[in-house]
Amino acid sequence: MLQEGAHGKWTVSSSDESTEENSDNEKPSTSSLLHAACGRASGPQYPCSEARKAAHKRKASPLKFSDKSFPAETRLAEKQRPSQEGLGWCLSSSDEEPEDQEKQAHKETVKEEKNDAPKEHPLNFHKDNELSENQKAEECCEAPSEAQDTWDLLNGGNPFRFFLTKVRGIKQNYNSGALHIKDILSPLFGTLLSSAQFNYCIDVEWLVRQYPQEFRKKPLLIVHGEKRESKAELLAQARPYENISFCQAKLDIAFGTHHTKMMLLLYEEGLRVVIHTSNLIAEDWHQKTQGIWISPLYPRLPQGPTDSSGESETNFKSDLISYLMAYNSPTLKEWIDKIQEHDLSETRVYLLGSTPGRYQVGKSINLQLRVQRLRVIFLGPITKLLKEHASSVPAQESWPVVGQFSSIGSMGVDESKWLCSEFQESLVATGSSVTTLLKYGVPIHLVYPTVDNVRQSLEGYPAGGSLPYSIQTAQKQLWLHSYFHKWSAEVSGRSHAMPHIKTYMRPSPDFQKIAWFLVTSANLSKAAWGALEKNGTQLMIRSYELGVLFLPSAFGLDKGYFHVKGKLLSESNDPATSFPVPYDLPPEQYGSKDRPWIWNIPYTNAPDTHGNMWVPS
């Protein structure tokens, strides 16, 4: 169906229309399972969003840019579209908003090729032997760092323990302080006894390969949110590995997802917690900007610990235990016991998570919201933490809020419905009255890639598969785009590595200081952050999310702010307590010709860095 709007003309396939009409699209169709059994190689073998499936398809069958041949190629692509795609626009992805996107109608299982999806080198646009060359390059990129480098990273001048993932295709000096998953799982971090991986999108075979050979048979627990056929597919992936067990997160509210990304690593020497933003798939650790917080090595406590033993000033231990208890899983009780046995007192970040549920919050979220049972409701604890621990700063009403994310949910008909009410109120509570601050209209800057950001990225247009903002949602909230700012990360050498990291912060008007910084799995959506119901007396959250909050007071700074670090991963005169914001400040607002990346419309006017167009259908 041909449509026209603020983003130009495009064709939306039948699977992308009437997304609110069909609500029971979670089961894969029989035909999709048959296609998977026949070995269709155009998609990943693990459950994922339609946007990521489109990216896989375009990587496997790229459409080369050609003004004259485009119409024919488009028709060919339309003819080749599998018939089951018309069953409903389907997303079980936590990156998609439930009000505007339906549950996945099918989750295809395909035989993964030997080294996962082919990786493309941004400089070799038309190389014939691209697959084998890219596989070699990926293997090189995935090699763990030198032992001394990794040791220096963990014990050197990084008091925040906040890292970025390695990116292939950027200058090497920008990877010198970064980590690959193989680094995290290497013996340098400890002698592994067992581990737990919490995540949304999981490629089991790939994950196993990231562990060193000597650790691959150690007990591994995978915590996921898959259901029905997609759960069966996940379990089938693990069938060859006797050491792998599963814990299914309960998702009782429709369209909720298990989006948390965390590792629990138990060693002979102690325990480590890793909270990050990457799915457990090759693409997320290859050419994207991702964030990682790695805890210190937590030593075992002496025999007979009490409930308060080994607690940090940030209450990290009790909050982590409360978060795990919310799963109500006997399997996770074993990990809770292990955490109880360790000393987490050196932790200097605050745990900030959400678990699905409906929580009574009183009549006013500003004045009466108190966390009940758990400090794991996003809008609740961040307001509470900022009020209690973030110091007031002069003229703070002029300090903007910056949000940076990889997907966007439905915000409502205007900014007053959620963005500049519930969401904003939770983030401007720094030691002061929220109501008073809102009278001044605290600025909000939202960082989300433009079409050109994606087109000129290392991955090219397929990078947009992990930026699943849909045309259906975008058309309903054109007002939101006036808040948008481009992705630019010269400071970390990652301007062309599209962000899957999610961060929120409160910078000063000159962007030289920040009052706090949050790295999290939560995108800009009500499903992740929560939305008020029943006249503001109840907060409803659909999904599991997890992040860590950095506050100056936890790092011995009494001025109420961090300085922003200059050039990342290089020598500088910045003090050790300067925070390494991974992208450029101040962010640059969209120009008149800039458009936000929207995954499910074609882009055919200009080629990407691989000489290709984007036709997702």
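This one's a predicted model, so the numbers in the text were calculated from it and none came from an experiment. (Residues numbered from 1 in each chain as written. Predicted model: local features only at pLDDT ≥ 70, side-chain atom pairs only at ≥ 80, totals over all residues. Heavy atoms only, no water.)

K.L.:
Can you lay out the overall build of the protein for me, pointing to particular residues and giving the numbers?
P.N.:
Secondary structure summary: the protein contains 16 helices and 22 strands in total. Considering only residue pairs separated by 6 or more positions, the protein has 77% of its internal contacts joining residues 24 or more positions apart. Accessible surface for the protein amounts to roughly 23400 Å². Of this, 50% is attributable to carbon and sulfur atoms. (Helix = DSSP H or I, 4+ residues; strand = E, 2+ residues; numbered from the N terminus. Contact = heavy atoms within 4.5 Å. Areas by Shrake-Rupley, 256 points an atom, 1.4 Å probe, with all protein chains shown as cover.)

K.L.:
Describe in detail the packing of helix α9 (residues 316–325) against helix α10 (residues 330–340), supporting the description with residues and values.
P.N.:
A pair of packed helices is captured by two measures, namely the crossing angle of their axes and the spacing between those axes. The contact between α9 and α10 brings their axes to 10 Å, and the two run at 170 degrees. One element, α9, and the other, α10, form an angle in the roughly antiparallel class. Counting all contacts with α9, which are made through Lys 317, Leu 320, Ile 321, Leu 324 and Met 325, the residues of α10 involved are Leu 332, Ile 336, Ile 339 and Gln 340. Looking at the contact of α9 with α10 residue by residue, the class counts come to seven nonpolar, one polar and one charged. (Axes fitted to C-alpha atoms, helices over the stretch in contact; angles between N-to-C directions. Parallel < 35°, antiparallel > 145°, perpendicular 65-115°, else oblique. Nonpolar A, V, L, I, M, F, W, Y, C, P; charged D, E, K, R; others polar.)

K.L.:
How would you summarise the nonpolar core if you had to cite specific residues and measurements?
P.N.:
The tendency in soluble globular proteins is for nonpolar side chains to be buried side by side. Core analysis: the largest hydrophobic core is formed by 103 residues, its most contacted members being Phe 316, Leu 480, Leu 524, Phe 550 and Trp 597. Of all the elements, strand β17 (residues 513–520) adds the most residues to this core, at six residues. With residues up to four places along the chain from it excluded, the contact list for Leu 524 reads Phe 405, Ser 407, Ile 408, Gly 409, Met 411, Trp 418, Leu 419, Phe 423, Leu 446 and Tyr 504. (Core = buried A, V, L, I, M, F, W, Y, C linked by side-chain atoms within 4.5 Å. Buried < 20%, exposed > 50% of the residue type's maximum accessible area, 1.4 Å probe, protein only.)

K.L.:
Give a detailed account of the pattern of salt bridges, specifying residues and quantitative values.
P.N.:
Under the criterion given, the structure shown has 12 salt bridges. Asp 284 is paired through a salt bridge with Arg 52; the nearest N and O atoms lie 3.1 Å apart. One end of the pair, Asp 284, is in the loop between β9 (271–276) and β10 (291–294); the other, Arg 52, is in helix α2 (residues 50–60), and 232 residues separate them in sequence. Each member of the pair, Asp 284 as well as Arg 52, carries the same accessibility label: buried. The partner of Asp 594 in a salt bridge is Lys 486, with the nearest N and O atoms 3.3 Å apart. (Salt bridge = Lys/Arg side-chain N within 4 Å of Asp/Glu carboxyl O.)

K.L.:
Kindly report on the sheet that holds β10, identifying the contributing residues and their values.
P.N.:
Strand pairing within a sheet occurs via backbone hydrogen bonds; the two strands may be parallel or antiparallel. Pairing is mixed across the open sheet formed by seven strands, whose spatial order is β4-β10-β9-β8-β5-β6-β7. Looking at which strands have only one partner, the edges of the open sheet turn out to be β4 (162–164) and β7 (244–248). Averaged over neighbouring strand pairs, the angle between their axes works out to 20 degrees when direction is ignored. By the bridge criterion, four bridges tie strand β5 (residues 192–198) to strand β6 (residues 220–224) in an arrangement that is parallel. Each bridged residue has a counterpart across the sheet, and for Gln 197 the counterpart in β6 is Ile 222. On the sheet, α10 packs against β5, β6, β7, β8 (262–267) and β9 and is oriented at approximately 120 degrees with respect to β5. (Pairing = 2+ DSSP bridges.)

K.L.:
Please set out unusual backbone geometry residue by residue, giving values where relevant.
P.N.:
Leu 585 connects to Pro 586 through a cis peptide bond whose omega is -5 degrees. Here Pro 586 is to be found in the loop between β21 (562–563) and β22 (612–613). The backbone of Arg 161 shows a phi angle near 55 degrees, a positive value even though the residue is not glycine. Assignment of secondary structure puts Arg 161 in the loop between α5 (147–155) and β4.

K.L.:
So what about the confidence of the model for the protein? Which residues, and what values?
P.N.:
Put simply, the protein has an average pLDDT of 79, and 69% of its residues get 70 or more. pLDDT under 50 marks residues 363–377. Its contacts with residues more than four places away, or in other chains, come to 39 contacts. (pLDDT = per-residue confidence, 0-100.)

K.L.:
Describe the pairing of strand β13 (residues 401–404), with residues and values.
P.N.:
Burial along β13 is two-sided: the residues Val 401 and Gly 403 and Val 402 and Gln 404 are all buried. As defined by bridge partners, β13 adjoins strand β14 (residues 444–447) across four bridges and the pair is classed as parallel. Bridging from a neighbouring strand, Val 402 pairs with His 445 of β14. Taken together, the three bridges between β13 and strand β16 (residues 502–507) define a ladder with antiparallel strand orientation. In the strand pairing of β16, Val 402 is matched with Met 505.

K.L.:
Explain α10 to me, using residue names and the numbers behind them.
P.N.:
Residues separated by three or four positions in an α-helix point in the same direction, a consequence of the helix having 3.6 residues per turn. Leu 332, Trp 335, Ile 336 and Ile 339 are the residues of α10 that are buried. The buried residues of α10 all sit within an arc of 105 degrees when viewed along its axis, so they share a single face. Contacts from the buried residues of α10 go to β5, β6, β7, β8, β9 and α9. At the N-terminal boundary of α10, the capping side chain belongs to Ser 329, with an oxygen 3.2 Å from the backbone nitrogen of Thr 331. (Arc of directions from axis to C-beta. Polar contact = N/O pair within 3.5 Å; in protein donor to acceptor, adjacent residues only side chain to side chain.)

K.L.:
Outline the sheet that holds strand β12 (residues 357–360), listing residues and values.
P.N.:
Read across the open sheet, the three strands follow the order β12-β19-β18; overall the sheet is antiparallel. Each edge of the open sheet carries a strand with a single partner, namely β12 and β18 (531–533). The sheet shows a mean angle of 30 degrees between the axes of neighbouring strands, taken without regard to direction. Bridge count between β18 and strand β19 (residues 538–541): three bridges; the pairing is antiparallel. By the bridge assignment, Glu 533 is partnered in β19 with Gln 538.

K.L.:
For the environment of Gly 270, give the residues involved together with the corresponding values.
P.N.:
Position of Gly 270 among the secondary structure elements: in the loop between β8 and β9. Overall, the relative accessible area of 0% leaves Gly 270 in the buried class. A sequence separation of 79 residues divides Gly 270 from Thr 191, and the C-alpha atoms of the two residues are 8.9 Å apart. The contacts of Gly 270, once residues within four sequence positions are left out, are Leu 265, Leu 297, Tyr 298 and His 342.

K.L.:
How would you explain the pairing of β9 if you had to name every residue and give the values?
P.N.:
In terms of burial, β9 is largely enclosed, as six of its six residues are buried. Burial along β9 is two-sided: the face carrying Leu 271, Val 273 and Ile 275 and the face carrying Arg 272, Val 274 and His 276 are both buried. Bridge count for β8 against β9 is five bridges, and the pairing is antiparallel. In the sheet register, Leu 265 faces β9, and the bridge partner there is Arg 272.

K.L.:
Give me the packing of aromatic side chains: which residues, what numbers.
P.N.:
Within a pair of aromatic rings, the relevant descriptors are the distance that separates the centres and the angle that separates the planes. Tallied over the full model, the rule gives 31 aromatic pairs. Positioned above the aromatic ring of Trp 335 is the side chain of Lys 338, whose terminal nitrogen or guanidinium carbon lies 4.4 Å from the ring centre. (Phe/Tyr/Trp six-rings, centres within 6.5 Å; stacked < 30°, edge-to-face > 60°. Lys NZ or Arg CZ within 6 Å of the ring centre and 35° of its normal.)

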